[in-house]
Amino acid sequence: MKTIQAGTYNVHFQQKAYKFLSNLVEDNNYSSVFILLDENTLEHCYPKFISNFATEKRIEVIEIESGEINKNIDTCIGVWNAITELGGDRKSLLITLGGGVITDLGGFVASCFKRGIDFVNIPTTLLSMVDASVGGKTGVDLGVLKNQIGLFANPKMVIVDSDYLTTVTEREIKSGTAEIIKYGLTYDTDLFNEIKNNKKLEISNLIQRSIEIKNEVVLQDPREQNLRKILNFGHTLGHAIESFYLESEDKENLTHGEAIAIGMVCESFMSYKLLGFPAEKVNEIKEVILSIYKRTHLLKEDFSDIMELLKHDKKNINGQVNFVLLNDYEDYKIDCKVPEKLILESMEFYNE
Ligand code: NAD
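Residues numbered from 1 in each chain as written. Predicted model: local features only at pLDDT ≥ 70, side-chain atom pairs only at ≥ 80, totals over all residues. Heavy atoms only, no water.

Enquirer: Before we go on, may I ask you to explain empty space enclosed by the protein in this structure?
Expert: With a probe scaled to a water molecule rolled over the atoms, the places where space remains empty come into view. For the structure on display, the rule yields six cavities of 30 Å³ or more. Around the largest cavity sit Leu 145, Lys 146, Gln 148, Thr 236, His 239, Ala 240, Ser 243, Leu 309, Leu 310, His 312, Asp 313 and Lys 314, which together line it. The set of elements that each furnish at least two residues to the lining of the largest cavity consists of strand 8 (145–152), helix 10 (235–247) and helix 13 (303–310). When residues in the lining of the largest cavity are grouped by element, the largest group, four residues, is from helix 10. Per-class residue counts for the lining of the largest cavity are four nonpolar, five polar and three charged. (1 Å grid on protein atoms, 1.4 Å probe; cavity = no way out; pocket = protein on both sides within 12 Å on 5 of 7 lines; lining within 4 Å. Points joined across faces, edges and corners; volume = space filled by probe spheres on them. Helix = DSSP H or I, 4+ residues; strand = E, 2+ residues; numbered from the N terminus. Nonpolar A, V, L, I, M, F, W, Y, C, P; charged D, E, K, R; others polar.)

Enquirer: Can you walk me through the sheet that holds strand 6 (residues 118–123) in this structure?
Expert: Remark on secondary structure: sheet strands pair via backbone hydrogen bonds, oriented parallel or antiparallel. If you walk across this open sheet you meet the seven strands as 1-2-9-6-5-3-4, and the pairing is mixed. The open sheet has two edge strands, strand 1 (4–6) and strand 4 (59–64), and neither has a second partner. When the angles between neighbouring strand axes are averaged without regard to direction, this sheet yields 20°. Pairing between strand 3 (residues 32–38) and strand 4: six bridges, direction parallel. Paired with Val 33 across the bridge in strand 4 is Ile 59. Across the sheet, helix 5 (residues 100–112) lies against strand 3, strand 4, strand 5 (92–98) and strand 6, angled at about 165° from strand 5, the strand it touches most. (Pairing = 2+ DSSP bridges. Axes fitted to C-alpha atoms, helices over the stretch in contact; angles between N-to-C directions. Contact = heavy atoms within 4.5 Å.)

Dropping the structure here:
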């Protein structure tokens, strides 16, 4: 797999990547190296990481509790306190070793600590490899509201080693697949067809292609003024649904990808109604998604809570919800206003 140049930093792959990391640490003469991880990546990923990372520097491990519910400012305060107590300074490096929760939160923690220290992302889930660890978006949730607090900050390097995926659950692999479907529908239909045809998927090719797409998009529009908004396809309603399940104590949480997959079905339906996106393609998307993810029945009595959460989407301006919809595969329209009635109808369409 070939190194990808992502503007100010590189994405390195597999075993050879660790040598680049050792060189980075050596060349920058960091005072200390902090590794941020959770209990799962401590158990499953840290042993491999540490046996590959050659350095003379002092290494300190900071563990947080796994789960989206912990991607919040309180956890950040805990990490900032730990770095401070362990003698971190402006010349420290933070390495994030984990899924999107760790890379999002770790990037944010590093970017704010003493006005910013360097960080390196080492994603360990499919979702964080193909999406969260690249592109420079860092941040945390505010209560259950997704990614409300954060900033754009690029890592110094990203290391993608698909060997970490051997311990990731099937459910989490499927979660990452949702972001690959998103790239497929908005940018590269071949990628969607690969998943649709359920060929024996060559995971390293999917990862490489996904990162290439994200990188192409982000390099053209790093601050999400226009093109980058395509990466929010399925996420506007999807985030509201994810938040709703996070705050519902009697319901099992959805993974990020499961929520986004529902969002893509609903937003394809909105695209059909508003922009003439072909009906057969809406059905195709729904079929592919329901063949991968078990159906979540969205209860009618929950629709109003989901609509309420939608009002907090980051893309909203003046209280207006902005969707990115599809005219066709690989053909999008940003900043679409969708009547409330149609949003409700789209959730019913998903349920049917
Ligand atoms: P996650 O970080 O919660 O990881 C899922 C689970 O897998 C966790 O329990 C974790 O401990 C465990 N895990 C991680 N690596 C493992 C391994 N190798 N073996 C065994 N278990 C492992 O979830 P995620 O799906 O990776 O990330 C979701 C987050 O990413 C969301 O918060 C979402 O908002 C964010 N995200 C960010 C961006 C961005 O551009 N910054 C893009 C997409 C998603």
